[in-house]
Amino acid sequence: MADCRSTAQTLSDRLNAWLSGDAFRPIREKWLEQLQPADPVRILLQTEDPILQRLPWHQWDVIDRYRQAELALSLPNYQRLGRSPTPPGIRILAILGSSDGIDIEADRRLLAQLPDSEVCFLVEPARAELSDRLWSQPWDILFFAGHSFSTEDSTEGKLAINPLDSLSIEELRYGLRSAIERGLQLAIFNSCDGLGLARNLADLQIPQMIVMREPVPDRVAQTFLKSFLTAFSQGIPLYAAVREAREHLQGLESQFPCATWLPIVCQNPAVVPPTWETLRGQPVRPAARRTIAAVLLISLAVAAVTSAVRYAGILQPIELWAFDRMLRSRSAEPIDSRLLIVGITEAEIQAQQGKGSLSDATLDRLLAQLEAAKPRAIGLDLYRDFPVEPNQPRLADTVPQARDRLQNTPNLIAVCKASDPENDITGVAAPPEVEIDRVGFSDFWEDADGVLRRQVLFMTPNPASPCTTPYAFSTQLAFRYLHAEGIRAQLHCRRQPPAWRACPTAPRRSCRRLSGYQRAGQPNFDQLSPQSGSGDADASAERSGAARRHSRSHCPDRRGFPKIPPTFGQRPTAHIPPSECPE
């Protein structure tokens with residue numbers, strides 16, 4: 001006896017040490033943060049491991065802090081079955097199986113004394129009689145007392161319904177499934193080693209079960225049943241009644257060590273545990289209805305106020321602060337080996353002697369070296385709104401190789417800047433040698449607090465602007481890189497409005513008032529999926545940090561929806577207005 005208690009204490013200590021580890025710390029902290037000691041708590045352990053199912057989880061010190069908490073077992077896979085309504089009153093089918101060596105008459109007397117219930121007793125029934133009773137009428141509670149046992153891995157259990165016959169749940173499958181569909185809510189197996197029975201009945205989606213983990217002495221089984229039925233029939237919730245009855249067994253542990261470890265609830269998480277009142281069909285009390293109505297009104301009021309505050313954009317500073325903090329907390333991203341960035345230093349600009357950030361000759365040599373690496377795309381982030389000098393034989397339009405670098409390099413993307421009525425009414429045009437379908441704008445939108453958070457991917461430019469490309473510089477590069485991977489972007493077009501759209505005015509706040517900031521000109525990629533093909537070279541990009549003249553650009557005065565992506569080699573002039581969005 002002493003060895004048993006010592007071993008039980010060792011197991012309890014090691015279980016708590018394991019549950020206090022880092023893996024369970026988030027659960028523990030959230031639990032202590034959200035729940036009060038007096039809150040009723042149902043804890044579900046979803047596992048198919050028979051060893052985990054047999055552990056004394058109620059010994060966890062966190063559960064002991066909550067007097068209204070009880071743990072139940074559940075399978076990872078479950079579903080909610082439609083059940084037919086049952087007439088008022090509690091109908092109990094009590095199966096009194098083989099009584100060899102045990103006294104089940106005490107169980108019979110306890111059941112007969114239950115209030116507002118109709119109990120049908122089957123004493124050592126034959127298989128056919130038991131099956132007929134399961135089909136005969138709706139039942140609310142199924143009770144079994146007698147001998148039962150489970151396989152070692154707890155995958156199957158059997159009931160000794162009489163001295164000669166032992167039945168598995170599979171052999172009663174259709175009758176039990178019919179009883180569950182017609183309203184069976186609770187099964188109580190006041191018998192030995194019931195985890196296998198619980199596993200088989202859980203596959204039939206029974207709402208709740210109470211079983212014994214291990215072989216149970218007759219006196220322990222009777223004490224538990226009496227305490228549970230007394231508490232449950234007096235209106236105490238199912239989980240609280242099981243905990244109260246389980247703790248009553250502590251008085252027997254001088255003779256039966258660890259008796260409190262035996263009872264366990266098995267729960268279908270999709271079903272709310274019943275009470276004695278709900279089993280007998282008692283309607284919801286008026287006080288409960290008033291409480292529900294008050295909760296609904298408060299919820300609607302809070303939702304309305306929150307929606308109004310968000311609509312007005314009052315929450316925008318808080319949302320942006322949280323967004324910025326989240327970005328700062330991210331770990332540094334490694335350098336992407338597919339990208340090559342060539343920069344121009346201040347000393348190199350001075351060396352050009354006033355001829356700009358990059359001379360034609362230098363640009364020719366740079367592009368020649370980049371082309372030799374066979375990149376998928378070359379981005380020239382350098383404002384160059386003037387033609388090449390005619391004395392450069394490789395760049396000028398005077399020999400058969402004219403415009404070979406700028407005009408006829410299909411994977412070269414140049415940059416321009418749209419005009420801005422507030423900051424720059426002129427804008428910056430693209431290099432004259434580069435066609436418009438190989439040009440991307442470099443404009444961006446600055447938020448009201450002066451922070452850059454959004455990347456502009458596309459816009460409908462002003463026709464009078466020197467920069468008339470609808471796509472951003474980054475978008476052009478990204479689409480050409482993805483094109484080699486067989487990936488294309490599609491416009492996610494709903495009825496009203498399309499998910500990718502241009503804003504009618506400068507988006508100091510969101511174009512659609514979903515909050516102060518959400519979806520401000522943000523495109524939605526409905527599908528980015530690999531189709532075919534793959535690339536064989538790294539992408540190269542040339543960026544100039546000293547020659548930039550970027551500024552915030554406004555949305556256009558009308559809405560346009562360019563097809564995504566453009567057909568390479570053709571000008572992306574087609575647009576999809578809102579009224580023509582496909583169904």
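Residues numbered from 1 in each chain as written. Predicted model: local features only at pLDDT ≥ 70, side-chain atom pairs only at ≥ 80, totals over all residues. Heavy atoms only, no water.

> Before we go on, may I ask you to explain the overall build of the protein in this structure?
Scanning the protein from terminus to terminus reveals 16 helices and 16 strands. Sorting the 583 residues of the protein into buried and exposed places 45% on the buried side. Long-range pairs, those at least 24 residues apart, make up 76% of the contacts in the protein between residues at least 6 apart in sequence. Surface accessibility of the protein: about 30300 Å² in total, with carbon and sulfur atoms responsible for 53%. (Helix = DSSP H or I, 4+ residues; strand = E, 2+ residues; numbered from the N terminus. Buried < 20%, exposed > 50% of the residue type's maximum accessible area, 1.4 Å probe, protein only. Contact = heavy atoms within 4.5 Å. Areas by Shrake-Rupley, 256 points an atom, 1.4 Å probe, with all protein chains shown as cover.)

> Where do I start with the packing of aromatic side chains in this structure?
Within a pair of aromatic rings, the relevant descriptors are the distance that separates the centres and the angle that separates the planes. Using the criterion set out here, one finds 8 aromatic pairs in the structure. The rings of Phe224, Phe228, Phe232 and Trp276 are connected pair by pair, giving a single aromatic cluster. Between the NZ or CZ atom of Arg42 and the centre of the ring of Tyr239, over which it lies, the distance is 5.7 Å. The ring of Phe121 has Arg108 lying over it, and the distance from NZ or CZ to the ring centre is 4.8 Å. (Phe/Tyr/Trp six-rings, centres within 6.5 Å; stacked < 30°, edge-to-face > 60°. Lys NZ or Arg CZ within 6 Å of the ring centre and 35° of its normal.)

> Where do I start with the sheet that holds strand 6 (residues 147–150) in this structure?
Across a sheet, paired strands are connected by hydrogen bonds in the backbone, their directions being either parallel or antiparallel. Pairing is antiparallel in the open sheet, where 3 strands are placed in the order 6-7-8. Strands with a single pairing partner mark the edges of an open sheet, and in this sheet they are strand 6 and strand 8 (166–168). Neighbour to neighbour, the strand axes of the sheet diverge by 25° on average, direction disregarded. With 4 bridges joining them, strand 6 and strand 7 (residues 157–160) adopt antiparallel strand pairing. Bridge pairing in strand 7 links His147 to Ala160. Strand contacts of helix 8 (residues 195–202): strand 6 and strand 7, with the helix running at about 110° to strand 7, the strand carrying the most contacts. (Pairing = 2+ DSSP bridges. Axes fitted to C-alpha atoms, helices over the stretch in contact; angles between N-to-C directions.)

> Would you mind going over the packing of helix 9 (residues 218–233) against helix 10 (residues 238–248) with me for this structure?
For any two helices packed against each other, one specifies the inter-axial angle together with the distance between the axes. The N-to-C vectors of helix 9 and helix 10 enclose an angle of 145°; their axes lie 8 Å apart at closest approach. Remark: the crossing between helix 9 and helix 10 carries right-handed chirality. Of the residues in helix 10, those in contact with Phe224, Ser227, Phe228, Ala231 and Phe232 of helix 9 are Leu238, Ala241, Val242, Glu244, Ala245, Arg246 and His248. Of the residues contributing to the contact of helix 9 with helix 10, the split by class is 8 nonpolar, 2 polar and 2 charged. (Left-handed = near helix turned anticlockwise from the far one by under 90°. Nonpolar A, V, L, I, M, F, W, Y, C, P; charged D, E, K, R; others polar.)

> I'm lost on the sheet that holds strand 1 (residues 41–46) in this one. Help?
Strands sit in the order 1-2-11-10-9-5-3-4 across an open sheet of 8 strands; the sheet is mixed. Pairing within the sheet leaves two strands with one partner each, and these edge strands are strand 1 and strand 4 (117–123). Each strand of the sheet is rotated relative to its neighbour by a mean of 25°, with strand direction disregarded. Against the sheet, helix 9 contacts strand 5 (141–145), strand 9 (186–190), strand 10 (208–212) and strand 11 (263–267), and its axis sits at roughly 155° relative to strand 9.

> Just checking my understanding: could you explain the state of the cysteines for this structure?
Note: disulfide means a covalent bond formed between the sulfur atoms of two cysteine side chains. Across all of its chains, the model carries 1 disulfide by this definition. Disulfide pairing places Cys416 opposite Cys467 at an S-S distance of 1.9 Å. Taking the torsion about the S-S bond as the criterion, the Cys416 to Cys467 disulfide, at about 45°, is right-handed. With a gap of 51 residues between them, Cys416 in strand 14 (residues 412–416) and Cys467 in the loop between strand 15 (439–441) and helix 16 (473–484) connect regions that are remote in the sequence. Here Cys416 and Cys467 have matching classes, each one buried. Cys4 carries a free sulfur, and the closest cysteine sulfur to it, the one in Cys258, is 4.8 Å from it. Owing to a relative accessible area of 36%, Cys4 belongs among the partly exposed residues under this scheme. (Disulfide = S-S within 2.5 Å.)

> Help me out: how do you make sense of the pairing of strand 5 in this one?
Both faces of the sheet carry side chains from a regular strand, because those side chains alternate between them. Most of strand 5 sits out of view: 5 of its 5 residues are buried. Neither face of strand 5 is left uncovered, since the one carrying Ile141, Phe143 and Ala145 and the one carrying Leu142 and Phe144 both have all their residues buried. Bridge count between strand 5 and strand 9: 5 bridges; the pairing is parallel. If you follow Phe144 over to strand 9, its bridge partner there is Phe189.

> I would appreciate a short explanation of the side chain of Gln476 in the present structure.
Here Gln476 is to be found in helix 16. Residue Gln476 is classed as buried on the basis of its relative accessible area, which comes to 1%. Of note is the side chain of Gln476, whose polar atom sits 2.9 Å from the backbone oxygen of Val439. For Gln476, the side chain forms a polar contact with the side chain of Arg480, separated by 2.6 Å. In this structure Gln476 touches Ile413, Ile436, Asp437, Val439, Gly440, Thr469 and Tyr471, once residues within four positions along its chain are discounted. (Polar contact = N/O pair within 3.5 Å; in protein donor to acceptor, adjacent residues only side chain to side chain.)

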